[in-house]
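Survey of secondary and tertiary structure
Now for the letters of each chain:
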Amino acid sequence: MRMTSDQRVANLDKAVTLTDDQKVKVKAIYDADQKKMQDLMAAQDPDMRTKMMAMRQDERTQIRALLTDDQKVKFDAMPQGRGPGGGGGGAAPTPPPQ
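Remember, it's a predicted structure, so these values are computed and weren't measured experimentally.

Focus: the overall build of the protein
When helices and strands are tallied, the protein shows four helices and zero strands. A buried classification covers 28% of the 98 residues belonging to the protein. Contacts in the protein between residues far apart in sequence, at least 24 positions, make up 42% of those at least 6 positions apart. With the model as given, the accessible surface of the protein reaches about 6800 Å², and the carbon-plus-sulfur share is 57%.

Below is the structure:
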């Protein structure tokens, strides 16, 4: 089950301690992206996965721009993708051995 934008803001706040102003701005980013993703799923776009990944990266960039330097360090340490702690997942996949 997907987390709501409020749940995602609460998780981020727990990790980086957002100000009230940051919470409002982050929620707006999450809400906008949630709408874009719903539209993408409804359209059954064949390139949906790639577009969603790009949207998540853009979302992270927008949120990171709102944070203080101290918050950025904590934000960068958060796992990305779906799952606990990340606005959607576990840690990034491990690269294959060379």
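Remarks on the confidence of the model for the protein
In this model, the protein carries a mean pLDDT of 82, and residues with pLDDT of at least 70 account for 81%. Counted against residues more than four places away or in other chains, residues 82-96, with its pLDDT under 50, gives 27 contacts.

Regarding the packing of aromatic side chains
In this structure the tally under the stated criterion is zero aromatic pairs. The positively charged end of Arg-8 is found above the aromatic ring belonging to Tyr-30, 3.9 Å away from the centroid. Residue placement shows Arg-60 over the ring face of Phe-75; its charged tip is 4.3 Å from the ring centre.

Some remarks on the pattern of salt bridges
Summed over all chains, the structure comprises 10 salt bridges. The partner of Asp-20 in a salt bridge is Lys-23, with the nearest N and O atoms 3.9 Å apart. With Asp-20 and Lys-23 both in helix α2 (residues 20-42) and three residues apart, the pair spans about one turn of that helix. Taking the relative accessible area as the measure of exposure, Asp-20 reaches 62% and is therefore exposed. Residue classification places Lys-23 among the partly exposed residues on the basis of a relative accessible area of 27%. The partner of Lys-36 in a salt bridge is Asp-33, with the nearest N and O atoms 3.6 Å apart. Of this pair, Lys-36 and Asp-33 both sit in helix α2, three residues apart, which is roughly one turn of that helix.

Quick notes on the environment of Lys-27
Tracing the sequence through the fold places Lys-27 in helix α2. For the pair Lys-27 and Val-9, spaced 18 residues apart in sequence, the C-alpha to C-alpha distance is 6.2 Å. With sequence-adjacent residues up to four places away left out, Lys-27 is seen in contact with Ser-5, Asp-6 and Val-9. At 3.3 Å, the side chain of Lys-27 forms a polar contact with the side chain of Ser-5.

Cut-off values and rules
Residues numbered from 1 in each chain as written. Predicted model: local features only at pLDDT ≥ 70, side-chain atom pairs only at ≥ 80, totals over all residues. Heavy atoms only, no water. Helix = DSSP H or I, 4+ residues; strand = E, 2+ residues; numbered from the N terminus. Buried < 20%, exposed > 50% of the residue type's maximum accessible area, 1.4 Å probe, protein only. Contact = heavy atoms within 4.5 Å. Areas by Shrake-Rupley, 256 points an atom, 1.4 Å probe, with all protein chains shown as cover. pLDDT = per-residue confidence, 0-100. Phe/Tyr/Trp six-rings, centres within 6.5 Å; stacked < 30°, edge-to-face > 60°. Lys NZ or Arg CZ within 6 Å of the ring centre and 35° of its normal. Salt bridge = Lys/Arg side-chain N within 4 Å of Asp/Glu carboxyl O. Polar contact = N/O pair within 3.5 Å; in protein donor to acceptor, adjacent residues only side chain to side chain.

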